[in-house]
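# Tertiary structure, described
Here is what each chain is made of, one letter per residue.
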Amino acid sequence: MVTHFYGEASSSRNGSARVFPVCGPVPDPVRPETALPRPSDTRRILLGALAGGTAVALGDLVNLLPDHPRPISAIFDLVDAGDAVIDLDAAFGASSRVWAAAPN
């Protein structure tokens, strides 16, 4: 019989008692839930970094959002909204270039 760990649900075939109760993700004591940035703050930070008119590395933009749970998704939200452009002709990685989209 295998004992589960890290709080995930045990197999239905495992008749042993749970090691940890299953109640969702364990909160990080260093980063409380209230420390997560609001979407408007994230957008302001990213657009501010892109405002210079030059390309910014994707990794540098990710580093601007240390408390964001999904920083790359936040950057691609700007791309999807038409506010930023990413160079997808080059290899995708931390050095991928991102620019602010030209105003219409």
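Moving on, we come to the overall build of the chain. For the chain, the count of helices and strands is three helices and three strands. Counting every position in the chain, which comprises 104 residues, the buried fraction comes to 19%. About 7600 Å² of surface is accessible on the chain, with carbon and sulfur atoms providing 58% of the total.

Quick look at the pattern of salt bridges now. Across all of its chains, the model carries three salt bridges by this definition. Two residues, arginine 44 and aspartate 41, come together in a salt bridge whose shortest N-O distance is 4.0 Å. Pair noted here: arginine 44 and aspartate 41 are both in helix α1 (residues 39-50), with a separation of three residues, about one helical turn. Residue class for arginine 44 comes out exposed when judged on its relative accessible area of 54%. Arginine 43 is the salt-bridge partner of aspartate 83, the closest N and O atoms lying 2.3 Å from each other. Placement of the pair is aspartate 83 in the loop between α3 (71-80) and β2 (84-86) and arginine 43 in helix α1, with a sequence separation of 40 residues.

So, on to the nonpolar core. One recurring pattern in soluble globular proteins: nonpolar side chains tend to sit buried together. Ranked by size, the top nonpolar core spans twelve residues in total: Leu46, Leu50, Val56, Leu58, Leu61, Leu65, Ala74, Ile75, Leu78, Ala84, Ile86 and Val98. When residues of this core are traced back to their parent elements, those giving at least two are α1, α2 (58-63), α3 and β2. If one sorts the elements of this core by residue count, α3 sits on top with three residues. The contacts of alanine 74, once residues within four sequence positions are left out, are Thr42, Leu46, Leu65 and His68.

Right, let's talk about the side chain of aspartate 87 for a bit. Summarising the element assignment, aspartate 87 is placed in the loop between β2 and β3 (97-100). Classification of aspartate 87 by relative accessible area gives buried; the value is 13%. A polar contact is formed between the side chain of aspartate 87 and the backbone nitrogen of aspartate 89, at a distance of 3.1 Å. Side chain to side chain, aspartate 87 and arginine 97 meet in a polar contact 2.6 Å long. Apart from residues lying up to four places away in sequence, aspartate 87 is in contact with Arg97 and Trp99.

With 62% of its residues at a pLDDT of at least 70, the chain reaches an overall mean of 76. Across residues 1-6, confidence stays below pLDDT 50; counting only partners more than four residues off in sequence or on other chains, it has 15 contacts.

This brings us to the pairing of β3. Alignment of strand β1 (residues 56-57) against β3, held across two bridges, turns out to be antiparallel. Within β3, the position partnered with alanine 57 by the bridge is arginine 97. Both β2 and β3 contribute to a ladder of three bridges, which runs antiparallel. Across the sheet, alanine 84 pairs through a bridge with alanine 100, a residue of β3.

About the cut-offs
- Residues numbered from 1 in each chain as written.
- Predicted model: local features only at pLDDT ≥ 70, side-chain atom pairs only at ≥ 80, totals over all residues.
- Heavy atoms only, no water.
- Helix = DSSP H or I, 4+ residues; strand = E, 2+ residues; numbered from the N terminus.
- Buried < 20%, exposed > 50% of the residue type's maximum accessible area, 1.4 Å probe, protein only.
- Areas by Shrake-Rupley, 256 points an atom, 1.4 Å probe, with all protein chains shown as cover.
- Salt bridge = Lys/Arg side-chain N within 4 Å of Asp/Glu carboxyl O.
- Core = buried A, V, L, I, M, F, W, Y, C linked by side-chain atoms within 4.5 Å.
- Contact = heavy atoms within 4.5 Å.
- Polar contact = N/O pair within 3.5 Å; in protein donor to acceptor, adjacent residues only side chain to side chain.
- pLDDT = per-residue confidence, 0-100.
- Pairing = 2+ DSSP bridges.

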